[in-house]
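Residues per chain are reported as follows:
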Amino acid sequence: MIFRTPSTQAAPTCSVSPATGTKNVLGTSNGKIRFTIEPGTHFPKYGGTITFTIPTWYGANLIYVFSSSPATTCSSAQLDIVLQQLNDNQYTIRFKKYTPASSIIIECSNYRNPVYKKIVSGFSMTVEDNESIQNKIMDYNDWSLDGTGLDQVEYAGSITKQFYINDVAKKPVPVQMISGLEFSF
Amino acid sequence: MPIPVESSGCYMKIQFPNDIQMSGTSIYTYTGYEMMKPEQGSSPVLTEDDNLYTRFQGFATDNTQNYFIIKGCSGSGANLQMRVRVTGITSPSADKSTGLFKFDLYKDFNAGSYQLTN
């Protein structure tokens, strides 16, 4: 019996696009992410399981870039997907058939864009075959999403302003008077 | 805020309208609350305090610029407000609506060049 280590291909590329009718901006949670994968020659033609490991959205909170509500769903013209589910930082896609192509494109909805312009690292992916005891076929180790080109968000009129004089809220204040001004949003 | 903001530091630029002119001779202070409270030290933060200036805020006294840059996003917890109280502001010279205020939020700030990025 010959044991083989999992095949490692070039890291997938990924890009985000906006939901229909919206701009591709920082902080949105309804974006679409597209993974483009070079399948190589070992990609399981008769079905298997893809497991994405995904990074957190922002800060130290355990909120991930994929969403359970509304649910992230993925689709691909090259894969006949039969089951998909999110479990913390892992998104699993089971497919029963792969139509060979030079690249596999998987698009997933309800993607959460970064909250400021940055490279989002921490994506990885494994591919297993469809045997009763699954064999790992491929590892796609750490890769990143370049979020530095996303547009900033603009809001109008959503800030409360209040003048203060001697720590007492005052509106309006006399003209040409030294006062305080409070902003909150 | 309509989008989430990280609690790992940010810089808020408060641009005043031209009819609320800031002066290089005024003493301005700010007090930050919730997401805009200083990371450490006292509040309010006085602009003439060099130590606090370098740690907590950049500050522009250039009349042509007319803005503050304040360090914030150090608070933790859900649904915190961004609230800032600035003193030393001279109200407009007439009873009227002022020009527009503009607030920009950035991740990074270079206090030497006053460049705000990300």
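This text goes with the structure placed above it.
What you see is a predicted model; the values in this text were computed from it and never measured.

1. Overview of the environment of R34(A)
Of note, R34(A) is situated in strand 3 (residues 31–37). Considered as a pair, R34(A) and T51(A) are 17 residues apart in the sequence and their alpha carbons are 15 Å apart.

2. Quick look at unusual backbone geometry
Residues and elements named next belong to chain A. The amide bond that connects S69 to the next residue, P70, takes the cis arrangement and shows omega of -5°. Relative to the elements of secondary structure, P70 occurs in the loop between strand 4 (48–53) and strand 5 (74–75). One non-glycine residue, D88, lies in the positive phi region at around 55°. Along the chain, D88 falls in the loop between strand 6 (79–87) and strand 7 (90–98). The class of D88 is exposed, set by 11 C-beta atoms lying within 10 Å.

3. Side note on the interface of chain A and chain B
With 27 residues of chain A in contact, the opposing surface of chain B contributes 28 residues. For the side of chain A that touches chain B, the leading source of residues is strand 13 (residues 178–184) of chain A, giving 7 residues. Grouping the amino acids of the side of chain A that touches chain B by side-chain chemistry returns 17 nonpolar, 6 polar and 4 charged. Pairing geometry for strand 13 of chain A and strand 6 (residues 82–90) of chain B, over 7 bridges, is antiparallel. Looking at the pairing, F183(A) lines up with V84(B) of strand 6 of chain B.

4. Some words on the pairing of strand 7 of chain A
All names here are of chain A. The pairing of strand 4 with strand 7 spans 6 bridges and is antiparallel. In the strand pairing of strand 7, I50 is matched with I93. Bridge count between strand 6 and strand 7: 8 bridges; the pairing is antiparallel. Within the sheet, the bridge partner assigned to I81 lies in strand 7 and is F95. Counted between consecutive antiparallel strands, the loop separating strand 6 from strand 7 contains 2 residues, among which D88 sits at a positive phi close to 55°.

5. Here we look at the environment of N18(B)
Residue and element names in this part refer to chain B. The topology assignment puts N18 in the loop between strand 1 (10–15) and strand 2 (29–34). On the basis of neighbour count, N18 is assigned to the exposed category, with 11 C-beta atoms found within 10 Å. Along the chain, N18 and L100 lie 82 residues apart, while their C-alpha atoms are 8.7 Å from each other. The contacts of N18, once residues within four sequence positions are left out, are N66 and G99.

What counts as what
- Residues numbered from 1 in each chain as written.
- Chains lettered and ligands numbered in written order.
- Predicted model: local features only at pLDDT ≥ 70, side-chain atom pairs only at ≥ 80, totals over all residues.
- Helix = DSSP H or I, 4+ residues; strand = E, 2+ residues; numbered from the N terminus.
- Buried ≥ 20, exposed ≤ 12 C-beta atoms within 10 Å, placed from the backbone.
- Contact = placed C-beta atoms within 7 Å.
- Nonpolar A, V, L, I, M, F, W, Y, C, P; charged D, E, K, R; others polar.
- Pairing = 2+ DSSP bridges.

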